[in-house]
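For reference, the chains in residue letters:
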Amino acid sequence: MAKATVKIPTPLRTFAGGASELSLDGSTVGGVIHSLAEANPGLKRHLFTAEGRLRSFVTVYLNDEDIRFLEREATPLKEGDVVSIVPAVAGGAPTSAHSPARAASRTRSGENGSPTFSTEELRRYSRHLLLPEVGVAGQKKLRDAKVLLVGAGGLGAPAALYLAAAGVGEIGLVDFDAVDLSNLQRQVLYSTSDVGRPKLVAARERLEGLNPGTRVTPHEVRLTSENALDILAPYDVILDGTDNFPTRYLVNDAAVLLGKPSVYGSIYRFEGQVSVFDSRHGPCYRCLYPEPPPPDLVPSCAEAGVLGVLPGLVGVLQATETVKLILGKGESLVGRLLLFDALALKFRELKIRKNPHCVLCSSHATQKGLIDYPAFCGVPAGGLTSEPDGVPKVEPEALRAELDSEEAPFLVDVRETGEWAIAHLPGAHLIPKGELADRVDELTRASKLVVYCRSGVRSAEATRFLLDLGFANVRSLHGGLNAWAQRVDPSVPQY
Ligand SMILES: [Zn+2]
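Sequence order as written defines the numbering, with residues in each chain counted from 1. Note on the predicted model: pLDDT of at least 70 is required for a residue's local features to be given, and 80 or more for side-chain atom pairs to be given and counted; whole-chain, interface and lining totals, by contrast, use all residues.

1. Some thoughts on the overall build of the chain
For the purposes of this entry, the term helix denotes a DSSP run of H or I that reaches at least four residues, the term strand denotes a run of E that reaches at least two, and both are numbered from the N terminus. Within the chain one finds 19 helices and 18 strands. For the chain, the C-alpha atoms occupy an extent of roughly 95 × 60 × 50 Å along the three principal directions. To sort residues by burial, count the other C-beta atoms lying within 10 Å of each one's C-beta; a count of 20 or more means buried, 12 or fewer means exposed, and anything in between means partly exposed. C-beta atoms are built from the backbone. Residues classed as buried in the chain amount to 37% of the 495 residues present. We call two residues in contact when the distance between their C-beta atoms, placed using the backbone, is within 7 Å. Looking at the chain alone, contacts between residues at least 24 apart form 65% of all its contacts between residues at least 6 apart.

2. Remarks on the nonpolar core
Core analysis: the biggest nonpolar cluster contains 70 residues, and Val147, Leu149 and Ala160 have the highest contact counts within it. At eight residues, the largest contribution of residues to this core is made by helix H13 (residues 309-327). The contact partners of leucine 149, leaving out residues within four places of it in the chain, are Gly156, Ala159, Ala160, Ile171, Gly172, Leu173, Leu239 and Gly241. Note on terminology: a nonpolar core is any set of buried Ala, Val, Leu, Ile, Met, Phe, Trp, Tyr and Cys residues joined through C-beta atoms within 7 Å. One finds Ile431, Leu436, Val457 and Leu477 within the second-largest nonpolar core, a separate group that totals 20 residues.

3. Topic: the domain arrangement of the chain
The domain limits used here are those given by an automatic or database domain assignment. As assigned here, the chain comprises domain 1 (2-87), domain 2 (145-376) and domain 3 (393-487). With centres defined by C-alpha atoms, the gap from domain 2 to domain 3 works out at 35 Å.

4. So, the packing of helix H7 (residues 156-166) against H13
Throughout, an axis means a line fitted to C-alpha atoms (over the contacting stretch in the case of helices), and angles, computed between N-to-C directions, take values from 0 to 180 degrees. Two elements in contact, H7 and H13, have axes whose closest approach is 7 Å; the angle formed by their N-to-C orientations is 40 degrees. What the angle tells us is that H7 and H13 run oblique. The element H7 and its partner H13 pack so that their crossing is right-handed. Residues Gly156, Ala157, Pro158, Ala159, Tyr162, Leu163 and Ala166 of H7 lie in contact with H13, whose contacting residues are Pro311, Gly312, Gly315, Val316, Gln318, Ala319, Thr322 and Val323. Three residue categories are used. Nonpolar comprises Ala, Val, Leu, Ile, Met, Phe, Trp, Tyr, Cys and Pro, charged comprises Asp, Glu, Lys and Arg, and polar comprises the others, including Gly. Tallied by class, the residues present in the contact of H7 with H13 amount to ten nonpolar, five polar and no charged. For classification, angles of less than 35 degrees are called roughly parallel, those exceeding 145 degrees roughly antiparallel, those between 65 and 115 degrees roughly perpendicular, and all remaining angles oblique. Note: crossing handedness is left-handed where the near helix turns anticlockwise from the far helix by less than a right angle, and right-handed where it turns clockwise.

Pasting the structure below:
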């Protein structure tokens, strides 16, 4: 005999006294399933036919293997094995005493004396009202909730749509960008006709159109140490959809100082991370990462690219955690870091512990207020997307003239191979920025260099690097290939 854990799926839990798992003794998989059925007679007809055979729509796994590929019910058990019952599920709700009619009658009577839902709202939220974990009381919590989304981009867009659809009463949005054509590949809050409009104007229209019961409060500013505490203070939950380290640390620190939960999400190429930081019950972002990486090691999405559906997935996971926090239901991601790999389609989970020496959230914290985050992260005040100062630059029109002259400069393209394939300047030499240090000897014969990239950030960093190595005549194309396309050659595609 061995002791095994039997996992009970949601649809069958009502027949097992509500348990999600039970510890049972047996020598085979069939043995523990039978003893489970004997102990919970309501389960029996769901699992077995009248002849006592396992029903065909019930699949049983031993650890991560289907027992049909092992020895079926005769598969032997070892101590600590996990047996999972996996029934076919097509959506829909379980049949239980929790009927919509009852939920509606409770609603109309206005329990707790708070305002009731209208007939239209009852229809709108019926799939929530049917869920015992939400119901009328939960829907009221959602209506009373205030959620602040920092960033209305790849993560904020899907999260905002689902939070408005779910009936969150107030959604605050912090962003100051306009909708760009390149946003539409993932920022599903916006339409093609919104290109060029302020994001928050377009977002408000879309969200209030989706649910007139949701109030959208725009904060069209850059979040700074001066305004962050005031902006965050009225909200219950902060959803961190930022794309740069200074703002990420700022959001974390402000949330810790105000004692609010922050639902974290981040994306990179094909990988995502999600967690919930709530220093009252667990670690904060600084416990996980006390210091940011050097700015030149971490490219932004604009430089690195991102699979369009990835922020959709991560943003929806963030919305899920936000809804659970509001409802006070389930097991939140506090203290857990969820890692998602879209290429392998795998989720992994790591434990995050509170750092006993965290400068912000430990018992002997030394940081009592907000700090200068761009300086802390080692980036210019304008953020990662601005070109470094003090680097010699050449304007696109001037470069055009020089290229036509006798003393044309040697062009170095420091973008990635895939970007080169989109467009490049004639005669240019491709050395991706990350390879520059190893391939610098390819440039020694050129007396005059102009370095370019997409927008001028990477080329300015590469120019600084080459000047430091002793190259005398190096300049960076100001505004990059995109400025060249706008001002010199409109046939070059911008991306
Ligand atoms: Zn901490």
